[in-house]
Amino acid sequence: MDSNSASALDDDPSEDFEITGLHDKLNLGHTPSSSSPFIARKKRRASTTLISISPENFRQVVIQFSNGRFPFISHCSLFPPSYEFSKQELVSLWIAQGLLQCSTRQQEHDAAQVFDSLVSSQVIVPSRSDPSVDFFHGKTRRLLYRINQDKITFSVLEYHTVLDANWDKVPTNVKHLSVDSKSVACASGFDVIERFENLNTLFLVPVPGFYVERIPRNLFLCLKGLRSLNFSRNLISELPSSIGSLKSLRYLDLSYTPIKRLPDSVVSLCNLQTLRLRGCLELVGLPKGIGKLISLRHIELDVVRQVKSMPPWMGNLINLQTLSAFLVGKDDGCRIVELKKMINLTGAFCISRIENVSSFEEAMEADLSSKKFLCRIQFRWTETRVADARKEEQILECLRPPLGLEEMALLCYGGSKLPSWIADPCYNCMVDMTLHNCLNCEHLEPIGKLPCLQFLHMKEMCKLRRIDERFCRDGKGQRSHAFPSLKELTIEAMPKLEEWVGVQSGDFPCLQKLKVEHCPSLASLPLLSCLYSLKHLEMNDCPVISSLPDGGVSASLEFLFIRDCSELMKNCSKTEGKDWVKIAHVSNVFIDDEQLSFN
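Here the structure is a predicted model, which means the values were calculated and not measured.

**Considerations on the overall build of the protein**
1) Next: Across its full length, the protein carries 15 helices and 27 strands.
2) Next: Out of the 599 residues in the protein, the part that is buried amounts to 54%.
3) Next: Sequence-distant contacts in the protein: of pairs separated by 6 or more residues, those separated by 24 or more amount to 58%.
4) Next: Taken as a whole, the protein presents about 26000 Å² of accessible surface, with 48% of it coming from carbon and sulfur.

Encoded structure:
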């Protein structure tokens, strides 16, 4: 961590750590005795936090104090040993508690650095990959983590965890509280919690068989200092309107609950930064006034699957970084122009229902190219519609994404040609492209010019009849070989595709996997012997293809799969096929899943 980042992690200059002779004692070889463990105090203006340190962990805690990690580790102590969390979740919690004193985007960056450092020191350890997958997290599943309790070598009296209704040791001035749902259900736990008026954090940990279903109406009236509230994975179907009284609330997590709607009073949470609603399958929509919450940075939910329409005036949320999708509407406040000022959008983003964009001028006003923090974009039209090909071409041409884009997908696009920008070599970060159900597309752009594209998937382009030279190059003096970085190419479900030509020697120098499937009219393939890196070739349901190209397949090929290609299968048979000589060197040949050769 550089010095600038390190300084950003320190407390405010008006705050400091008082470690009562800790370094002096350490240098003299002294350690605290077990009879007096309270040897460190964190002084924050008028208040003091006592920290209990056992003698055997004395040196390690001194290190944690000196490197600025201490307050971050303290917050981790709220998590039970089995609790799994994402990086974004913990980063947002730290920011909600004001542990970083720097600009908005710098807070996210610095908190991520702290997280990585705690992973390196094994305070935080990987648990598993998140089993839920959606476009927002891309093809690589995000990691879930847990706390290594062996590394939490101190206890802070501001932080308490209650298990099995053991409330006896919790002081009334506790600030951060983690309570298992069994403690709440079995011992009038909410009545006890209401007495902790100084709470900043309340984390309700779910216990199977003891899930909380109802939140008392007056709970939030007693806890007006809350900054972080986590009710995730319980059975809460509604929140009381009194939540609107939590003016200091910055973090609200209702993930994986059966909540149907948020009370309108939520729009009074003027400091709310993070709203987590992932996995809330009963949710019918977001509050209409959510555009008033101008401090929001993260709205975590699968918009396409969980929301029927966007609330109006989302464009006011100019600090928003996390939003999985925007559903374009036709009414004022719901049009695509709401994206104009949302320049902080980060990561993956889907624009859905693009057929509702009224004109190319409106698309241009959205200024998508200014969203420089986006790395994945999905353009999506409603499948069941009558497409206006010319209009959709004009609109998509004006929705040019930022140059730093890494992944792009077109779904159900109705234009007869692709936008010109899709083959612009200036997109030198683009590694993954999907063209799915581009139902009217008759021509391909020279995508082969993209210098770093590694994965290309083309599926259900129902009017495409020919893949030719233009797919590889534009004929304007292009000197380099086409698709210089492509590793995987899939051509699938092209009912009218008849011919694939235009591949020259030196094209596709890195191609390792090629799949051609469900192309019932395709009669020929391009030269395969010049694909010098090809290791895996699949041909499936291409009944018109009768023979492999002259020259056979590349010597590099290791796996060949041929299914439901009657003529080709016959000609590639080991006993009487005329093409067997073209593939005899391949280590693993499978014809209709029967292995004919193996190494």
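Anyway, onward from the coordinates.
**Focus on the pattern of salt bridges**
Two side chains of opposite charge can pair, provided their charged atoms sit close to one another.
1) Next: All told, the structure shown has 26 salt bridges when counted by the stated rule.
2) Next: Ionic pairing is found between Arg 278 and Asp 130, a salt bridge with its closest N-O pair at 2.9 Å. Of this pair, Arg 278 sits in the loop between strand 12 (274-276) and strand 13 (298-300) while Asp 130 sits in the loop between strand 4 (124-129) and strand 5 (143-147), and the two are 148 residues apart along the sequence.
3) Next: Given the relative accessible area of 7%, Arg 278 is considered buried.
4) Next: The salt bridge partner of Lys 175 is Glu 158, with a shortest N-O separation of 3.7 Å.

**Considering the sheet that holds strand 10 (residues 228-230)**
1) Next: The strand order across the open sheet built from seven strands is 7-8-9-10-11-12-13, with neighbouring strands paired in parallel fashion. Two strands close off the open sheet at either side, each with one partner strand: strand 7 (159-162) and strand 13. Sheet twist, expressed as the mean angle between neighbouring strand axes with direction ignored, is 5°.
2) Next: Of the pairings in the sheet, the one linking strand 7 to strand 8 (residues 176-180) comprises four bridges and is parallel in character. Along strand 8, the bridge assignment pairs Thr 161 with Ser 178.

**A short note on the packing of aromatic side chains**
1) Next: All told, the structure shown has 17 aromatic pairs when counted by the stated rule.
2) Next: Aromatic pair Phe 115 and Tyr 145: ring centres 5.0 Å apart, planes at 85°, arrangement edge-to-face. Of the two residues, Phe 115 is situated in helix 6 (residues 104-120) and Tyr 145 in strand 5; the sequence distance between them amounts to 30 residues.

**Let's talk about the side chain of Glu 362**
1) Next: Within the secondary structure layout, Glu 362 lies in helix 11 (residues 360-365).
2) Next: If we ignore the near neighbours within four places in the chain, the residues touching Glu 362 are Arg 335, Ile 336, Val 337, Asn 356 and Val 357.

**A word on the nonpolar core**
A general tendency of soluble globular proteins is for nonpolar side chains to be buried together.
1) Next: Counting 140 residues, the largest nonpolar core has Ile 193, Phe 231, Phe 379 and Leu 410 as its most contacted members.
2) Next: Beyond its immediate stretch of four places on either side in the chain, Ile 193 contacts Trp 167, Leu 177, Val 179, Val 184, Leu 199, Leu 202, Leu 219 and Leu 223.
3) Next: With 26 residues, the next largest nonpolar core counts Phe 85, Ile 95, Leu 99 and Phe 203 among its residues.

**A look at the environment of Thr 161**
1) Next: One can find Thr 161 in strand 7.
2) Next: Sequence separation between Thr 161 and Leu 177 is 16 residues; the distance between their C-alpha atoms is 5.9 Å.
3) Next: Not counting residues within four places of it along the chain, the set of residues in contact with Thr 161 comprises Ser 77, Leu 78 and Ser 178.

**Thoughts on the layout of surface pockets**
1) Next: Computed from the structure, the second largest pocket encloses a volume of approximately 820 Å³.
2) Next: As for the second largest pocket, its lining consists of 39 residues, and the residues nearest its centre are Phe 79, Pro 80, Ser 82, Tyr 83 and Val 205.
3) Next: Elements represented by at least two residues in the lining of the second largest pocket include exactly strand 6 (154-156) and strand 7.
4) Next: The class makeup of the residues in the lining of the second largest pocket is 18 nonpolar, eleven polar and ten charged.

**Examining unusual backbone geometry**
1) Next: In this structure, Gln 122 takes a positive phi of about 65° despite not being glycine.
2) Next: Within the fold, Gln 122 resides in the loop between helix 6 and strand 4.
3) Next: When its relative accessible area of 46% is taken as the criterion, Gln 122 is described as partly exposed.
4) Next: A positive phi angle, close to 60°, is found at Cys 412, a residue other than glycine.
5) Next: Mapped onto the secondary structure, Cys 412 falls in the loop between strand 17 (407-411) and strand 18 (432-436).
6) Next: Note on Cys 412: relative accessible area 11%, which makes it buried.

**Here's the deal with helix 6**
1) Next: Here helix 6 spans 25 Å end to end across 17 residues, near enough to the 24 Å set by a 1.5 Å rise per residue.
2) Next: Buried residues of helix 6: Gln 107, Glu 108, Asp 110, Ala 111, Ala 112, Val 114, Phe 115, Ser 117 and Leu 118, and no others.
3) Next: Within two residues after helix 6, Gln 122 carries a phi angle of roughly 65°, on the positive side.

**Looking at the pairing of strand 24 (residues 536-540)**
For a regular strand, side chains alternate in direction, first toward one face of the sheet and then toward the other.
1) Next: The element strand 24 is largely enclosed, with a buried count of five among its five residues.
2) Next: Neither face of strand 24 is left uncovered, since the one carrying His 536, Glu 538 and Asn 540 and the one carrying Leu 537 and Met 539 both have all their residues buried.
3) Next: Pairing analysis gives five bridges linking strand 23 (residues 513-517) to strand 24, with the strands arranged parallel. Looking across to strand 24, one finds that Leu 514 is bridged to Leu 537.

**Focus: empty space enclosed by the protein**
1) Next: Following the criterion strictly, the structure yields two cavities of 30 Å³ or more and no others.
2) Next: One number sums up the size of the largest cavity: a volume of about 70 Å³.
3) Next: Along the walls of the largest cavity sit His 75, Leu 78, Phe 79, Leu 93, Thr 201, Leu 202, Phe 203, Asn 230 and Tyr 251, which together make up its complete lining.
4) Next: Considering every element that reaches the lining of the largest cavity, the biggest residue donor is strand 9 (residues 201-205), with three residues.
5) Next: Among the residues forming the lining of the largest cavity, the class breakdown is six nonpolar, three polar and no charged.
6) Next: Taken as a whole, the second largest cavity encloses approximately 50 Å³ of empty space.
7) Next: Lining the second largest cavity are Leu 489, Trp 500, Val 503, Phe 508, Leu 511, Leu 514, Pro 526, Leu 527, Leu 528 and Leu 531.
8) Next: Of the residues that constitute the lining of the second largest cavity, the class distribution is ten nonpolar, no polar and no charged.

So, how was this worked out
- Residues numbered from 1 in each chain as written.
- Predicted model: local features only at pLDDT ≥ 70, side-chain atom pairs only at ≥ 80, totals over all residues.
- Heavy atoms only, no water.
- Helix = DSSP H or I, 4+ residues; strand = E, 2+ residues; numbered from the N terminus.
- Buried < 20%, exposed > 50% of the residue type's maximum accessible area, 1.4 Å probe, protein only.
- Contact = heavy atoms within 4.5 Å.
- Areas by Shrake-Rupley, 256 points an atom, 1.4 Å probe, with all protein chains shown as cover.
- Salt bridge = Lys/Arg side-chain N within 4 Å of Asp/Glu carboxyl O.
- Pairing = 2+ DSSP bridges.
- Axes fitted to C-alpha atoms, helices over the stretch in contact; angles between N-to-C directions.
- Phe/Tyr/Trp six-rings, centres within 6.5 Å; stacked < 30°, edge-to-face > 60°.
- Core = buried A, V, L, I, M, F, W, Y, C linked by side-chain atoms within 4.5 Å.
- 1 Å grid on protein atoms, 1.4 Å probe; cavity = no way out; pocket = protein on both sides within 12 Å on 5 of 7 lines; lining within 4 Å.
- Points joined across faces, edges and corners; volume = space filled by probe spheres on them.
- Nonpolar A, V, L, I, M, F, W, Y, C, P; charged D, E, K, R; others polar.
- Expected span 1.5 Å × (residues − 1).

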